[in-house]
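Each chain, written out:
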Amino acid sequence: MSEHDHDHGHDHPHAPITNGDEPAAAPRVRALEELLVEKGVIAREDVRARIDWLVSRSPGDGARLVARAWVDPAFKARLLEDARAAALELGLDPGPSPVVVGVENTADVHHMVVCTLCSCYPRALLGPPPDWYKSLPYRSRAVSDPRGVLSEFGVELDDDVEVRVLDSTADIRYLVIPRRPDGSDGMTEEELASLVTRDSMIGVAEPAAPAPVG
Ligand code: FE
């Protein structure tokens, strides 16, 4: 007898519930949502609104924070202390995450961010995390071999640069302020923001180089 050949009080075919290559957790999440809606804990409209909000976020918001920090040291100090408050200052929506702090990369220290447990990430300011951020190889190797991981992303650091790996949690998340690129002196804040890539705010890449003049 197959494992599904049992009587559980209703009648439907037991094909596996999947949606293409979706993760195994997805059907469980859907079942949980069904139950919470059925019990009146949440409304389906709330779930949809929250998903819409989440996918409407983009790294462009984080880039505006970094560009402002590059041109305004007082703002940078506030971003390093409380990125949510700094985001509100620029009229950005910092979302529901409790604490987000900025960390600054310098000539001496390089920060990179990981969530070793799952996928904690400043989604309100950077949008949904990249798939590799959620992958087991990144989550484990960012800690065991950060320089190797950085090298695979194309970041080669001198031996005397200290690498700090920051482990995000449900309670605290990080936004890396990458080093301002050489040759960006005359650029406007908006132009600077266009150099700030998502990966540079996770700390696994440098910002884009300014286009050569002329
Ligand atoms: Fe997490």
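In every chain, residue numbers begin from 1 and rise along the written sequence. Residues qualify for local features only when their pLDDT is at least 70, as the model is predicted, and side-chain atom pairs are given and counted only at 80 or more; totals for whole chains, interfaces and linings, by contrast, use all residues. Processing note: side-chain calculations cover all non-hydrogen atoms of the structure and skip hydrogens and water entirely.

Draft legend 1. View of the confidence of the model for the protein chain. In this model, the protein chain carries an average pLDDT of 90, and 90% of its residues clear a pLDDT of 70 or more. Note on residues 1-5: pLDDT under 50 across the span, and 1 contact to partners over four residues away in sequence or across chains. Within a predicted model, pLDDT stands for the predictor's per-residue confidence, ranging from 0 to 100. Contacts are residue-level and defined by heavy atoms, with any inter-residue pair within 4.5 Å sufficient.

Draft legend 2. Structural context of the packing of aromatic side chains. Under the pairing criterion, centres of Phe, Tyr and Trp rings, with the six-membered ring standing for Trp, must be within 6.5 Å; the plane angle then separates stacked pairs below 30 degrees from edge-to-face pairs above 60, leaving the rest tilted. Counting across every chain of the model gives 6 aromatic pairs. Ring geometry for W132 versus Y133: centroids 6.3 Å apart, planes at 65°, classification edge-to-face. In this scheme, a residue with accessible area under 20% of its type's maximum is buried, one over 50% is exposed, and one in between is partly exposed, where area comes from a 1.4 Å probe on protein chains only. For W132, a relative accessible area of 22% puts it in the partly exposed group. Judged by its relative accessible area of 0%, Y133 is buried. Their ring planes at 70° and their centres at 4.9 Å tell us that W132 and Y138 sit as a pair that is edge-to-face. Ring pairs connect the aromatic residues Y121, W132, Y133, Y138 and F153, which therefore count as one cluster.

Draft legend 3. How the structure looks around a nonpolar patch on the surface. A patch consists of residues whose relative accessible area exceeds 30% and which take part in no salt bridge; residues with like charges are grouped when within 9 Å of each other, and nonpolar side chains (Val, Leu, Ile, Met, Phe, Trp, Tyr) when within 5 Å. Throughout, the Shrake-Rupley method with a 1.4 Å probe supplies accessible areas, and for residues the shown protein chains are the sole cover considered. Should a side-chain nitrogen of Lys or Arg be within 4 Å of a carboxyl oxygen of Asp or Glu, the pair is scored as a salt bridge. The grouping of L32, L36 and V41 at the surface amounts to a nonpolar patch, some 260 Å² of accessible area in total. Counting from the N terminus, the helices are DSSP H or I runs at least four residues long and the strands are E runs at least two residues long. Mapped onto the fold, V41 is located in the loop between α1 (25-38) and α2 (44-56).

Draft legend 4. Local environment of the pairing of strand β4 (residues 172-177). In terms of burial, β4 is a largely internal element, 5 of the 6 residues being buried. Here, strands pair whenever DSSP counts at least two bridges between them. Relative to β4, strand β1 (residues 99-104) runs parallel, the two being bridged by 6 bridges. The residue of β4 that forms the bridge with V103 is V176.

Draft legend 5. Layout of the side chain of R57. Its location among the elements puts R57 in the loop between α2 and α3 (59-71). Two N or O atoms form a polar contact when they lie within 3.5 Å of each other; inside protein one atom must be a possible hydrogen donor and the other a possible acceptor, and for residues adjacent in sequence the pair counts only when both atoms belong to side chains. Within the local environment of R57, its side chain forms a polar contact with the backbone oxygen of W53, the two atoms lying 3.4 Å apart. Within polar-contact distance, the side chain of R57 engages the side chain of S56 at 3.4 Å. For R57, the residues in contact, after removing those within four places along its chain, are D93, R123, A124, G127 and P128.

Draft legend 6. Highlighting the coordination of the iron ion. Only C115 (SG), C118 (SG), S119 (N), C120 (N) and C120 (SG) from the protein reach the iron ion as donors, at distances of 2.1 to 2.8 Å. Donor residues for the iron ion, ordered by position in the chain, follow C-x2-C-S-C. On the accessibility criterion, C115 (0% relative accessible area) is buried. Metal donors were taken as nitrogen, oxygen and sulfur atoms no farther than 2.8 Å from the ion, or 3.2 Å where the ion is Na, K or Ca. Water is excluded, so coordination may look unfinished.

Draft legend 7. The arrangement of the pattern of salt bridges in detail. The final tally for this structure, using the stated rule, is 12 salt bridges. For E189, the salt bridge goes to R68, with nearest N and O atoms at 2.7 Å. Remark: R68 occurs in helix α3 and E189 occurs in helix α10 (residues 189-193); sequence separation between them is 121 residues. Taking the shortest distance from any N to any O, the salt bridge between D131 and K134 comes out at 3.8 Å. Of this pair, D131 and K134 both sit in helix α7 (residues 131-134), separated by 3 residues, roughly a single helical turn. Exposure remark for D131: the relative accessible area of 62% places this residue in the exposed category. Linked through salt bridges whose partners overlap, the residues forming this network are E33, E34 and R44.

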